[in-house]
Each structure stands twice: as C-alpha cells, then as structure tokens.
Amino acid sequence: MSVTAHESIDNPNGYTPAAELALHVLGSRCGMPRDREPSSGYVVTADSTALLLDCGPGVATAVNTVIEAAELNGVFISHMHCDHCYDILPIARSVIAPRLPYPDGSGNHELRPGPDPIPLYVPAGSRQVFESLQSLFPVGTAPALNRAIDLAFDLREYEAGDTLVIDGVTVRPFAVRHAAVACGFRVETAYGTVAYTGDTGWSEELVDGARDCDLLLCEATLRTADSGPHGHLSAREAGRLAARAGAGQLVLTHFLHTDPDWVQALIADAAGEYDGPIRAARSGAQWTTTRKNIGRDRDTR
C-alpha cells in the first residue's frame, strides 16, 4: 500500500503523539560512532506509543531529542553486538536517576515512586549478559544504580516468530543471517508497517519479513555482496529486497562511512534495483506515514 510520506530533519522538540506512524533516526553508523553520528538506534512512534529499536553507542544521548527515555513504551534489541545494545546501561541509569535520593550518608537508598518498568525485549539466551552489564562500574553510595537494568526495565527474551504486542502496536521478530543470533523486526500499527532488518546477509526470510511494508529500514553496509560468514547487505541487495517485498519506501542505514559521496553511491546502487523513494538515514531524520491521501508522496527535506 502506498502512503503519504513526509520527512523532517533535526527535530529538537521530539514528537507530538499523532495519528501517524513515524520513524525517528537516532544513529546510523556501522560499528562505533564517528563524525557526530551515533551507532544504530531508531524510535518508531504511533499515536502515543514509542518503541526504541536498538541502542548502540551514542544513542543514550540522542534518544531524548525524540522522547525522554523513561517515557518509552518498549525497547527491542536485534542482536548482541555492542553497536546495537551497548547504551542500554546508560539509558537504564538515566531512567532511574531522577528517582534516586542523593547519597547524603543517611543510608536511604529507596527509589521514589515511578512508572512501571519498560518492557525490554532481548534475544533468547542473552538475559545473563544484561544482568552482568548492570553490575559493572559499581557505585557504592547509590546501590540502585548497580541494578539499573532490573529497575528500569522488565526484561523479556524473545525468539523469531514470536508476536509481541505493546499498546496496540504489534512487533514480529523474524530470523536474519548474521554472525550472532539476530532478528529483524516488523512493526505493525494502525497507520502502516515499518520493517527493520537489523544486521543481516541476504536470505529469503528477509522478503517475508518486509512483505508489503510501508517503510523498509534496511542495512546497506557494503558496496558489494558479502560472500563471507559475517552477514551484511550491500545497498544493491537492499534495493532488491525493497523491490521484491513491495516496500512503499526504502531507508538505507548502518553505514561504514558518513562521507556524502559514499552515501550517494549507496543510494545509486539501491536505485538500480528499486524504483521507489530511497533515503539515507542520519541522526535527526524523521519520516512519517499516514493512510490519508493515498498515493501521494512528499519529501520535505
């Protein structure tokens, strides 16, 4: 289904809950942050629901350009590589910090009342990693910080094929091919569907995961196909996926370089396979879709 598409850049005021589906880019780098661009992190919003997909280094400081971390309705980790999950600890600490009493020596370490823990969906078998992560860098005078992930989040393991529902939004993890156990996410709302590949090499499961989505957020790490065991897509493969899946628009992400010439070359590669709208993710970018005015497409950048 075609939808109206809007884009805005550098939105410092975050989002206002609205009857639309929006993708907010927090970071688009492959590996570690560089050139002021965080690693992978994206917020998907629909009505008043906000979901964080991945949180690599740099995302903790970018998320509040869209929404306060404590107001997130859910967090989803695609796989256990640090450029997709490392900032979960600073995000957790930022969520509980306003509820902590200052360590004045009184021995009072009780958290002030706050909202329920945020659902945190992580790959099956990874719970212990997060439990260990929160105990690193202990703060003896504020012991709650050493349990920040337990206190800020309701940690839940998922597997490919699960159906996860949060406040009217359905998230369906689908298996992808990567060096670590990994999933992409299909996020279905009343206003459209976003499919996010996470990190992956080519597989037929990608086509099913992205089928008829309104917006495909697809990694485009390479200029040439990955024939090795690690598992990344080229931009040409990203375009082929968008075409075969019937995606309404394609947003490329997970870039090795932020050089404009490199990014434009990736867009050109993808355009050789896909004739729909193609954009390049970068922190501060936002795209929205709505089922009104079917068939129109507008890019406001």
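How each quantity is defined
- All residue numbers refer to positions counted from 1 along the written sequence of the respective chain.
- Given that this is a predicted model, residues contribute local features only at a pLDDT of at least 70 and side-chain atom pairs are listed and counted only at 80 or more, while totals for whole chains, interfaces and linings are drawn from all residues.
- For side-chain calculations, the full set of non-hydrogen atoms in the structure is used, while hydrogens and water are omitted.
- A run of H or I in DSSP counts as a helix once it spans at least four residues, and a run of E counts as a strand once it spans at least two, with each numbered from the N terminus.
- Every radius of gyration here is taken over C-alpha atoms, with the globule rule written as 2.2 Å times N^0.38, N being the number of residues.
- To sort residues, take the accessible area from a 1.4 Å probe on protein chains only and compare it with the maximum for the residue type: under 20% means buried, over 50% means exposed, and anything in between is partly exposed.
- Note on definitions: a residue-residue contact is assigned when non-hydrogen atoms from the two residues lie within 4.5 Å.
- Each reported salt bridge corresponds to a side-chain nitrogen of Lys or Arg within 4 Å of a carboxyl oxygen of Asp or Glu.
- Contacts described as polar in this section are N or O atom pairs within 3.5 Å, which, within protein, must combine one atom able to donate a hydrogen with one able to accept it, while residues neighboring in sequence count only if both atoms come from side chains.
- To obtain an axis, a line is fitted to C-alpha atoms, over the contacting stretch when the element is a helix, and the angle between two such axes runs from 0 to 180 degrees between their N-to-C directions.
- Each angle gets one of four labels, with under 35 degrees taken as roughly parallel, over 145 as roughly antiparallel, 65 to 115 as roughly perpendicular, and the rest as oblique.
- By convention the crossing between two helices is left-handed if the near helix lies anticlockwise of the far one by an angle smaller than a right angle, and right-handed if it lies clockwise.
- Residues are grouped as follows: Ala, Val, Leu, Ile, Met, Phe, Trp, Tyr, Cys and Pro are nonpolar; Asp, Glu, Lys and Arg are charged; every other residue, Gly included, is polar.
- Using only the protein atoms, space was sampled on a 1 Å grid; points where a 1.4 Å probe fits but cannot get out form cavities, open sets with protein on both sides within 12 Å along at least five of seven lines form pockets, and lining residues are those with an atom within 4 Å of a point.
- Grid points are joined across faces, edges and corners, and a volume is the space filled by probe spheres set on the points.
- Paired strands are those between which DSSP finds at least two bridges.

S.K.: Describe the overall build of the chain, listing the residues and the values that go with them.
M.R.: Secondary structure summary: the chain contains eight helices and 15 strands in total. For a compact globule of 301 residues, the expected C-alpha radius of gyration is about 19 Å, and the chain comes in at 19 Å, within 12% of that figure. A principal-axis box enclosing the C-alpha atoms of the chain has dimensions of 65 × 45 × 35 Å. Looking at the 301 residues of the chain, the share that counts as buried comes to 54%. Taking the intrachain contacts of the chain between residues at least 6 apart in sequence as the baseline, contacts between residues at least 24 apart amount to 64%.

S.K.: Provide a residue-level description of the pattern of salt bridges, including the pertinent values.
M.R.: The full count for this structure, using the stated rule, is nine salt bridges. Arg 244 is the partner of Glu 204 in a salt bridge, and the nearest nitrogen-oxygen pair spans 2.8 Å. Taken together, the residues Glu 204 in helix α6 (residues 204-210) and Arg 244 in helix α7 (residues 235-245) connect sequence positions 40 residues apart. By relative accessible area, Glu 204 is classed as partly exposed at 43%. Residue classification places Arg 244 among the partly exposed positions, given a relative accessible area of 41%.

S.K.: Describe in detail the environment of Asp 54, supporting the description with residues and values.
M.R.: Among the structural elements, Asp 54 can be located in strand β4 (residues 49-55). According to the relative accessible area criterion, Asp 54 is buried, its value standing at 0%. Each C-alpha atom, one on Asp 54 and one on Val 75, is 7.3 Å from the other, the two residues being 21 residues apart in sequence. Here the side chain of Asp 54 touches His 84 through a polar contact of 2.8 Å, side chain to side chain.

S.K.: Got a sec to walk through helix α3 (residues 88-96)? Specific residues and values, please.
M.R.: With respect to burial, α3 is a largely interior element, seven of its nine residues being buried. Taken as a whole, α3 has its buried residues at Ile 88, Leu 89, Ile 91, Ala 92, Arg 93, Val 95 and Ile 96.

S.K.: Before we move on, could you go through the packing of α7 against helix α8 (residues 260-271) and cite the residues and values that matter?
M.R.: Geometrically, a packed helix pair is captured by the angle between its two axes and the distance between the axes. Put simply, α7 and α8 touch, their axes get as near as 7 Å, and they point 40° apart. In terms of orientation, α7 lies oblique with respect to α8. The handedness of the crossing between α7 and α8 comes out as right-handed. Of α8, the residues touching α7 (which contributes Ala 235, Arg 236 and Gly 239) are Leu 266, Asp 269 and Ala 270. In the contact of α7 with α8, the residues fall into three nonpolar, one polar and two charged.

S.K.: Could you give an account of the layout of surface pockets, with specific residues and numbers?
M.R.: A probe matching the size of a water molecule, rolled over the atoms, marks out where space remains unfilled. Taken as a whole, the largest pocket holds about 210 Å³ of empty space. Lining the largest pocket are twelve residues; nearest its centre among them are Ser 28, Glu 37, Thr 258, Ala 281 and Arg 282. Residue classes in the lining of the largest pocket are distributed as five nonpolar, three polar and four charged.

S.K.: Describe in detail the pairing of strand β6 (residues 118-123), supporting the description with residues and values.
M.R.: Most of β6 sits out of view: six of its six residues are buried. Relative to β6, strand β5 (residues 74-76) runs parallel, the two sharing two bridges. In the sheet register, Val 75 faces β6, and the bridge partner there is Leu 120. Where β6 lies against strand β7 (residues 153-158), six bridges are found, and the strand directions are parallel.

S.K.: Explain the sheet that holds strand β14 (residues 278-280) to me, and be specific about the residues and the numbers.
M.R.: Think of a sheet as strands paired side by side through backbone hydrogen bonds, with each pair either parallel or antiparallel. Across the sheet, seven strands lie side by side as β8-β9-β10-β11-β12-β13-β14; this open sheet has mixed pairing. In this open sheet, the two edge strands, each paired with only one partner strand, are β8 (164-166) and β14. In this sheet, adjacent strand axes meet at a mean angle of 20° when their direction is disregarded. One ladder, built from five bridges, connects strand β10 (residues 183-189) with strand β11 (residues 192-196); its direction is antiparallel. Looking at the pairing, Phe 185 lines up with Tyr 196 of β11. Where α7 meets the sheet, it contacts β12 (215-219) and β13 (250-253), and its direction lies at approximately 155° from that of β12. Here α8 sits on the sheet in contact with β13 and β14, set at roughly 155° to β14.

S.K.: I'd like a description of the environment of Arg 236, backed by residues and values.
M.R.: Its place among the elements puts Arg 236 in helix α7. On the accessibility criterion, Arg 236 (34% relative accessible area) is partly exposed. Sequence-wise, Arg 236 and Leu 222 are 14 residues apart; in three dimensions their C-alpha atoms are separated by 8.9 Å. For Arg 236, the contacting residues outside a window of four places in its chain are Asp 269, Ala 270, Gly 272 and Glu 273.

Read these as layout, nothing more, since geometry by itself doesn't imply function.
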